[in-house]
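# An overview of the molecular structure
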Amino acid sequence: MPRRKGKHLTRDERIEIKVLKEKEDSNRAIARAIGCHRQTVKNELDRRSVSQVKAQKQNGKTYRYTHTVYFPDAGQRQYEANRLHCGCMPKWVDIHRLHGMGG
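## Some words on the nonpolar core
Ranked by size, the top nonpolar core spans ten residues in total: Leu-9, Ile-17, Leu-20, Ile-30, Ala-31, Ile-34, Cys-36, Val-41, Leu-45 and Tyr-70. Those elements giving two or more residues to this core turn out to be helix H1 (11-22), helix H2 (27-34) and helix H3 (38-48). With three residues, the single largest contributor to this core is H2. Residues within four places of Val-41 in sequence aside, it is in contact with Asn-27, Ile-30, Ala-31, Ile-34 and Cys-36.

## Considering the side chain of Gln-76
Position of Gln-76 among the secondary structure elements: in helix H4 (residues 72-84). For Gln-76, a relative accessible area of 10% gives the class buried. Side-chain polar atoms of Gln-76 contact the side chain of Arg-14, separated by 2.6 Å. Filtering out sequence-adjacent residues up to four positions away, Gln-76 remains in contact with Leu-9, Thr-10, Arg-11 and Arg-14.

## Concerning the environment of Ala-55
Within the element layout of this structure, Ala-55 appears in strand S1 (residues 49-58). A residue is classified by how much of its surface remains accessible, and Ala-55, at 48% relative accessible area, is partly exposed. Those residues in contact with Ala-55 that lie beyond four places of it in its chain are Thr-62, Tyr-63 and Arg-64.

## Things to note about the packing of H1 against H2
It is the contact of H1 with H2, at a shortest axis distance of 10 Å, that shows an interaxial angle of 145°. In terms of crossing hand, the pair formed by H1 and H2 is right-handed. Across from Glu-13, Glu-16, Ile-17, Leu-20 and Lys-21 in H1, the residues of H2 making contact are Asn-27, Ile-30, Ala-33 and Ile-34.

## Quick notes on the pairing of S1
With ten bridges connecting them, S1 and strand S2 (residues 61-70) associate as antiparallel partners. Looking across to S2, one finds that Ser-51 is bridged to Thr-68. Here S1 folds back onto S2, and the loop between the two strands holds two residues, one of which, Asn-59, carries a positive phi near 55°.

Cut-off values and rules
- Residues numbered from 1 in each chain as written.
- Predicted model: local features only at pLDDT ≥ 70, side-chain atom pairs only at ≥ 80, totals over all residues.
- Heavy atoms only, no water.
- Core = buried A, V, L, I, M, F, W, Y, C linked by side-chain atoms within 4.5 Å.
- Buried < 20%, exposed > 50% of the residue type's maximum accessible area, 1.4 Å probe, protein only.
- Helix = DSSP H or I, 4+ residues; strand = E, 2+ residues; numbered from the N terminus.
- Contact = heavy atoms within 4.5 Å.
- Polar contact = N/O pair within 3.5 Å; in protein donor to acceptor, adjacent residues only side chain to side chain.
- Axes fitted to C-alpha atoms, helices over the stretch in contact; angles between N-to-C directions.
- Left-handed = near helix turned anticlockwise from the far one by under 90°.
- Pairing = 2+ DSSP bridges.

This is how it looks when you write it as structure tokens:
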């Protein structure tokens with residue numbers, strides 16, 4: 001069932017993206033499985049993936065290999081941190097006091 005436009009990915013959906021990506025499913029197949037647009041999957045993978053370098057010595061030479069790893073927990077933590085800072089502050093909130101700048 002397709003998700004409503006504007007809905008955010010849940011922690012379980014992020015974990016499912018990781019599991020399906022490890023099985024080498026396409027972004028389109030992953031999107032179909034979790035019920036979102038394929039661009040949502042691509043954006044999530046682009047934002048929350050890191051390239052890791054693996055070095056291997058052989059016959060006196062060092063060979064470096066890179067591979068990309070997706071971290072769903074990092075994505076969820078970033079989402080939750082961003083949600084804390086969204087929306088308008090009420091007028092009664094002293095912004096300077098919140099940021100430790102005095103008042």
